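Architecture and fold: a report
Residue strings, one per chain:
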Amino acid sequence: MRRAIMAGNWKMNKDPAEAAELVKALVPAVKDARCDVVVCVPAVDFFTVRAAAEGTNIKLGAQNVHYEASGAYTGELSAGMLKACGVEYVIIGHSERRQYFGETDKTVNLRTLSAVAAGLTPIICVGEMKEERISGYTNALVEYQTLIALNGLTAQQVQNVIIAYEPVWAIGTGLVASDGEANETIGVIREALQRKYGKDISQAVRIQYGGSMNAGNVKGLMAQPEIDGGLVGGASLKPAEFSAVVMYHQP
Ligand code: PGA
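Not measured: the values here are computed from a predicted model.

Calculation criteria
Residues numbered from 1 in each chain as written. Predicted model: local features only at pLDDT ≥ 70, side-chain atom pairs only at ≥ 80, totals over all residues. Heavy atoms only, no water. Salt bridge = Lys/Arg side-chain N within 4 Å of Asp/Glu carboxyl O. Helix = DSSP H or I, 4+ residues; strand = E, 2+ residues; numbered from the N terminus. Buried < 20%, exposed > 50% of the residue type's maximum accessible area, 1.4 Å probe, protein only. Pairing = 2+ DSSP bridges. Near = heavy atom within 4 Å. Polar contact = N/O pair within 3.5 Å; in protein donor to acceptor, adjacent residues only side chain to side chain. Areas by Shrake-Rupley, 256 points an atom, 1.4 Å probe, with all protein chains shown as cover. Nonpolar A, V, L, I, M, F, W, Y, C, P; charged D, E, K, R; others polar. Right-handed = clockwise from strand over helix to strand, strands pointing away. Core = buried A, V, L, I, M, F, W, Y, C linked by side-chain atoms within 4.5 Å. Phe/Tyr/Trp six-rings, centres within 6.5 Å; stacked < 30°, edge-to-face > 60°. Lys NZ or Arg CZ within 6 Å of the ring centre and 35° of its normal. Contact = heavy atoms within 4.5 Å. Axes fitted to C-alpha atoms, helices over the stretch in contact; angles between N-to-C directions.

**Structural notes on the pattern of salt bridges**
With the rule as written, the count across this model stands at 14 salt bridges. The closest approach of N and O atoms between Arg-111 and Glu-76, which form a salt bridge, is 3.3 Å. Taken as a pair, Arg-111 in helix 5 (residues 105-117) and Glu-76 in the loop between strand 3 (58-62) and helix 3 (79-84) lie far apart in primary sequence, 35 residues in all. Owing to a relative accessible area of 7%, Arg-111 belongs among the buried residues under this scheme. You can call Glu-76 partly exposed: its relative accessible area is 29%. Notably, a salt bridge pairs Asp-228 with Arg-190, separated by 2.9 Å at the nearest N-O pair. Of this pair, Asp-228 sits in the loop between helix 11 (218-222) and strand 8 (229-232) while Arg-190 sits in helix 9 (residues 179-197), and the two are 38 residues apart along the sequence.

**Describing the pairing of strand 6 (residues 162-165)**
Here strand 6 shows a buried face lined by Ile-162 and Ala-164 and a second buried face lined by Ile-163 and Tyr-165. Inspection of the sheet shows strand 5 (residues 121-126) paired to strand 6 by four bridges, in the parallel sense. The residue bridging Val-126 from the neighbouring strand is Tyr-165, located in strand 6. As paired elements, strand 6 and strand 7 (residues 206-210) share four bridges and run parallel to each other. Its bridge partner lying in strand 7, Ala-164 is registered against Gln-208.

**As for the site of the ligand**
For the ligand, the set of nearby residues contains 13 residues, the closest of which are Lys-11, His-94, Glu-166, Gly-172 and Ser-212. Within the side chain of Asn-9, one N or O atom sits 3.4 Å away from an oxygen atom of the ligand. The contact in question runs from an oxygen atom of the ligand to an N or O atom on the backbone of Gly-172, over 2.6 Å. Starting from 280 Å² of accessible surface for the ligand in isolation, the protein chains cover 95%. Broken down by class, the residue content of the shell around the ligand amounts to four nonpolar, seven polar and two charged.

**Focus: the pairing of strand 1 (residues 5-9)**
The buried fraction of strand 1 amounts to five of the five residues, a majority that puts the element mostly inside the structure. Summarising the sheet, strand 1 and strand 2 (residues 36-40) pair through five bridges and their orientation is parallel. In the strand pairing of strand 2, Gly-8 is matched with Val-39. Handedness of the crossover is the feature at issue here: the chain leaves strand 1, passes through helix 1 (residues 16-30), returns alongside strand 2, and the resulting connection is right-handed. Bridging between strand 1 and strand 8 involves four bridges; their strand directions are parallel. Following the sheet pairing, Gly-8 is matched in strand 8 by Val-232.

**Some points on the nonpolar core**
Core analysis: the largest hydrophobic core is formed by 65 residues, its most contacted members being Met-6, Tyr-209 and Val-246. By residue number, the principal contributor to this core is helix 9, which donates six residues.

**Let's talk about the packing of aromatic side chains**
Enumeration over the complete set of coordinates arrives at two aromatic pairs. Aromatic side chains Tyr-100 and Phe-101 sit 6.4 Å apart centroid to centroid with 80° between the ring planes, which places their arrangement in the edge-to-face category. For the residue pair Tyr-100 and Phe-101, the accessibility class agrees, reading exposed in each case. A cation over a ring is seen here: Arg-97 above Phe-101, with NZ or CZ 4.2 Å from the ring centre.

**Thoughts on the environment of Cys-40**
Tracing the backbone through its elements, the reader meets Cys-40 in strand 2. In this structure, the C-alpha to C-alpha distance between Cys-40 and Glu-181, residues 141 residues apart in sequence, is 26 Å. Excluding its chain neighbours within four sequence positions, the residues that come into contact with Cys-40 are Gly-8, Asn-9, Trp-10, Lys-11, Gly-61, Ala-62, Gln-63, Ile-91 and Ile-123.

**Remarks on the side chain of Asp-45**
Among the structural elements, Asp-45 can be located in the loop between strand 2 and helix 2 (46-53). Apart from residues no more than four positions distant in its own chain, Asp-45 is found in contact with Trp-10, Asn-13, Lys-14, Asp-15, Pro-16 and Ala-19.

**A word on the sheet that holds strand 3**
The eight strands lie next to each other as 1-2-3-4-5-6-7-8, forming a closed barrel whose pairing is parallel. Here the average twist between neighbouring strands, direction ignored, is 25°. Sheet contacts for helix 2: strand 2 and strand 3; angle to strand 3, the most-contacted strand, approximately 165°. Sheet strands in contact with helix 5 are strand 4 (89-92) and strand 5, and its direction is about 175° off that of strand 4.

If you want it as C-alpha cells, here you go:
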C-alpha cells in the first residue's frame, strides 16, 4: 500500500506574515492526517513556515530548483540551498514553469537529478494541454514526459520520486478531470514505469492528481486505486479547505 501525499502548491501567494497565519491554522487541523502533508511555498516563506511547522506533521516544499550547485544563475536556487533551509520536497516542471518560463523536458530532467542527488524528494509534474487530449495524445505525452524526467536516476531512486499528473486544462480553471479520467491516465504513467523499471518499482511510486482538487471532489478522486494524493493549488491557500482535502478520509 502506498501512503497518500497531499501537497499544497501556494504558487506566488502569501508573504511571510500571511504564511505564518496559514500554517498556524493548518497545524491543529491536519495533525491527525493519515497521509503525508506538504506545503510548497515561495522561498521568502521558508523560514517562517519551517518555524511554524516545527515538530508537526507538515513538511516544507519548494516550487523549483536549479540544476547547478552554485554560480552565475541570477534568480535561481540550488538544491543544496533548499536543503539548508529545511526543504524536503520540491515541485519540478510545473506546467506554469513550462508555459511561462521556458521549462523543457530536458531541464526538468536536470532539475530532478540535482534534487535527488541532494536528498530532496521531487514532485515531478506532467500533463497534457486541452488540444493534446482532444487529439488523443495524452497517453503518449505523459509517458514521454515522465520517462524523460527520470532519465539517469537509478531504479532505487525512481522509487522515491513523486509524480503529479496535472492536466493543464484542469489547473486553476475549476474544471477537474473526472475520477475515471484521472485514474486512467495515472494508470498509463504507472504502466510506463513498469515497462522501464519493473513492477515493484512502479507499484512503489506515488502518483498524485492535480488540477482544481478541492474539499468537494477529493473523496471521489482518492477512492480511485491509482491516485495516491493531490497537488493542490487554489484550495491550499484556505486552511479550512486544504485541511478538508488532507483529512479526506473523514466522513
Ligand atoms: P489548482 O492548481 O488546484 O489551483 O488547479 C494545481 C496546481 O497547479 O498544482
